[in-house]
Amino acid sequence: MGLNQDAENLIRSNLELAAKWFALERTARPRQPIVPIGELSEAQLTTINQQRQEEELPPVVASVLFDGRHMYESRCIEDGYTIDEVIEMISVAFNDEAHVAPGWSTVLISPKTRVNNAGRSVRDEAVFECHGKLPHPELLSVIPRGDGKDHGKKKKATR
């Protein structure tokens, strides 16, 4: 299924709200909306739930939620990407062709590479948080592997 038809607009609005949220004093920050942006394909959902079953974790559903605060902080503030670039990363990483990475975190890896604005060949990965909004996975971050930045220093996502 991938992203919903209106997902890019929802993601943009959510990331713009996150930018305003980070500009406020910590005590004045309102609750950030969580929006549904798409669905995992049947094959992706099956693979993820098989991995979760092996680890004795409850299954998740296909519908994916989004709260842009973490992504805005990690990609826009820390890495210097624009909101447009982040939306492109999400669009490439979160689609039906992406495969589920084996391992302890829930990650979709794009089978395609793309050339980013800096001229580097990158492969985008979508990282999901599957505990906080159970049974809904939440798109927590995207990682543009090959962009020349150290993404290993970041906290790893968990299922």
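Predicted, not measured: the structure shown is a model, and the values here were computed from it. (Residues numbered from 1 in each chain as written. Predicted model: local features only at pLDDT ≥ 70, side-chain atom pairs only at ≥ 80, totals over all residues. Heavy atoms only, no water.)

A. Representation of the overall build of the chain within the structure. Within the chain, the secondary structure is distributed over 4 helices and 8 strands. Overall, the chain shows an N-to-C arrangement of helices and strands of β-α-β-α-β-α-α-β-β-β-β-β. Relative to the 2.2 N^0.38 estimate, which gives 15 Å for 159 residues, the radius of gyration of the chain is 15 Å and therefore close to what a compact globule would have. With the C-alpha coordinates of the chain rotated into their principal frame, the extents come out at 40 × 40 × 35 Å. Counting every position in the chain, which comprises 159 residues, the buried fraction comes to 46%. For the chain, the share of sequence-separated contacts (at least 6 apart) that also reach a separation of at least 24 residues comes to 63%. Surface accessibility of the chain: about 8,300 Å² in total, with carbon and sulfur atoms responsible for 51%. (Helix = DSSP H or I, 4+ residues; strand = E, 2+ residues; numbered from the N terminus. Rg over C-alpha atoms; globule rule 2.2 N^0.38 Å. Buried < 20%, exposed > 50% of the residue type's maximum accessible area, 1.4 Å probe, protein only. Contact = heavy atoms within 4.5 Å. Areas by Shrake-Rupley, 256 points an atom, 1.4 Å probe, with all protein chains shown as cover.)

B. Spotlight on the packing of aromatic side chains. On inspection of all chains with the given rule, the structure shows 1 aromatic pair. Ring geometry for Phe94 and Phe128: centres 5.8 Å apart, planes at 75°, overall edge-to-face. Pair noted here: Phe94 is in the loop between helix 4 (83-93) and strand 4 (99-100) and Phe128 is in strand 7 (residues 121-129), with a separation of 34 residues, a long-range link. A cation over an aromatic ring shows up here: Arg69 above the ring of Trp21, its NZ or CZ 5.0 Å from the ring centre. Stacked on the ring of Tyr81, the Lys or Arg Lys149 has its end atom at 4.2 Å from the ring centre. (Phe/Tyr/Trp six-rings, centres within 6.5 Å; stacked < 30°, edge-to-face > 60°. Lys NZ or Arg CZ within 6 Å of the ring centre and 35° of its normal.)

C. Geometry of empty space enclosed by the protein. By the definition in use, this model includes 1 cavity of 30 Å³ or more. When its volume is computed, the largest cavity comes out at roughly 40 Å³. In the lining of the largest cavity, the residues fall into 2 nonpolar, 2 polar and 3 charged. (1 Å grid on protein atoms, 1.4 Å probe; cavity = no way out; pocket = protein on both sides within 12 Å on 5 of 7 lines; lining within 4 Å. Points joined across faces, edges and corners; volume = space filled by probe spheres on them. Nonpolar A, V, L, I, M, F, W, Y, C, P; charged D, E, K, R; others polar.)

D. Layout of the packing of helix 1 (residues 7-23) against helix 3 (residues 69-78). Axis separation between helix 1 and helix 3 bottoms out at 9 Å; the angle between their running directions is 80°. Comparing the axis directions of helix 1 and helix 3 gives the class roughly perpendicular. Across the interface between the two elements, Leu15, Ala18, Ala19, Trp21 and Phe22 of helix 1 pack against Arg69, Met71, Tyr72, Glu73 and Ile77 of helix 3. Class assignment of the residues belonging to the contact of helix 1 with helix 3 gives a composition of 8 nonpolar, no polar and 2 charged. (Axes fitted to C-alpha atoms, helices over the stretch in contact; angles between N-to-C directions. Parallel < 35°, antiparallel > 145°, perpendicular 65-115°, else oblique.)

E. Quick look at the nonpolar core. Counting 33 residues, the largest nonpolar core has Ile37 and Ile90 as the members making the most contacts within it. Contributions of two or more residues to this core are made by helix 1, strand 2 (35-39), helix 2 (42-54), strand 3 (63-66), helix 3, helix 4, strand 7 and strand 8 (138-145). When residues in this core are grouped by element, the largest group, 6 residues, is from helix 4. Once you skip the residues sitting within four places of it in the chain, Ile90 turns out to touch Leu3, Ile11, Phe66, Met71, Leu139 and Val142. Ranked by size, the runner-up nonpolar core spans 5 residues in total, among them Ala101, Val107, Val127 and Ile143. (Core = buried A, V, L, I, M, F, W, Y, C linked by side-chain atoms within 4.5 Å.)

Spatial relationships are all this shows, so hold off on functional conclusions.
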